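In case you want the letters, here they are:
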Amino acid sequence: MLRTITGVIVLVMSLSACGGAARLIRQATYPPDFNYVSGDELRSSMDQLGYQLQRLDQALAPAETGQDVSQQEVLSVLGDIERIGTNLRAGEGGSNHPFLEDHMNDFVVQVGRARIAARMDPPSYYLAGRVAGGCVNCHRVNR
């Protein structure tokens, strides 16, 4: 029984050490500007983007009824979306996720343009409304 417990402890310690080893191996085998995104990180970031897109929809909703839209709220949400997208996009060396490599850069540029238009006086929210379309286009490709 003691041998079994010892074996399990050694196995758990070995597996936890492998996580660090995998990171070290990636550092040696990928170029320095390669953006490696783990599955957990990708899901978390995509969940964050989904949440921010819901916030954006809510911030833009008053425009449908003719009410004033909170420019600061729209700018804040677009800034959060841009930050998350920037962290996900591929570096010069590429990314381990082909859709991030192919589409995230364009998405971040689109969000940046939407922020510029939303900052104008008077603000234009047309491009902000199209930001969610950037997600739909990529995810339709992925299905």
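Residues numbered from 1 in each chain as written. Predicted model: local features only at pLDDT ≥ 70, side-chain atom pairs only at ≥ 80, totals over all residues. Heavy atoms only, no water.

(A) Here's a closer look at the overall build of the protein. For the protein, the count of helices and strands is 5 helices and 0 strands. Listed N to C, the secondary structure of the protein is α-α-α-α-α in terms of helices and strands. Looking at the 143 residues of the protein, the share that counts as buried comes to 28%. Sequence-distant contacts in the protein: of pairs separated by 6 or more residues, those separated by 24 or more amount to 69%. (Helix = DSSP H or I, 4+ residues; strand = E, 2+ residues; numbered from the N terminus. Buried < 20%, exposed > 50% of the residue type's maximum accessible area, 1.4 Å probe, protein only. Contact = heavy atoms within 4.5 Å.)

(B) Here's a closer look at the nonpolar core. L56, V74, L78, I81, F107 and V131 are the most contacted members of the largest nonpolar core, which has 23 residues in total. The contacts of L78, once residues within four sequence positions are left out, are L56, V111, A114, R115, A118, A128 and V131. (Core = buried A, V, L, I, M, F, W, Y, C linked by side-chain atoms within 4.5 Å.)

(C) Expanded view of the pattern of salt bridges. If you walk through the whole model with that rule in mind, you get 3 salt bridges. For R55, the salt bridge identified is with D80, shortest N-O distance 3.2 Å. Of this pair, R55 sits in helix α2 (residues 39-60) while D80 sits in helix α3 (residues 71-88); the two residues are 25 residues apart in sequence, bridging distant segments of the chain. Here E82 and R115 are joined by a salt bridge, their closest N and O atoms 2.5 Å apart. Placement of the pair is E82 in helix α3 and R115 in helix α4 (residues 98-119), with a sequence separation of 33 residues. Overall, the relative accessible area of 17% leaves E82 in the buried class. Salt bridges sharing partners connect three or more residues here, namely R55, E73 and D80. (Salt bridge = Lys/Arg side-chain N within 4 Å of Asp/Glu carboxyl O.)

(D) Highlighting the environment of D80. As for D80 and L49, which are separated by 31 residues in sequence, their C-alpha atoms are 8.4 Å apart. Setting aside anything within four residues of it in sequence, one finds D80 in contact with Q52 and R55.

(E) Seen up close, the confidence of the model for the protein. In the predicted model, the protein carries a mean pLDDT of 75, and the fraction of residues at 70 or more is 59%. Looking over the protein, one finds the lowest element-wise mean pLDDT in helix α1 (residues 2-29), namely 57, and the highest in α3, namely 91. (pLDDT = per-residue confidence, 0-100.)

(F) Structural context of the side chain of Q52. In this fold, Q52 is placed in helix α2. Given a relative accessible area of 8%, Q52 falls into the buried group. Setting aside chain neighbours within four positions, we find Q52 in contact with V77, D80, I81 and I84.

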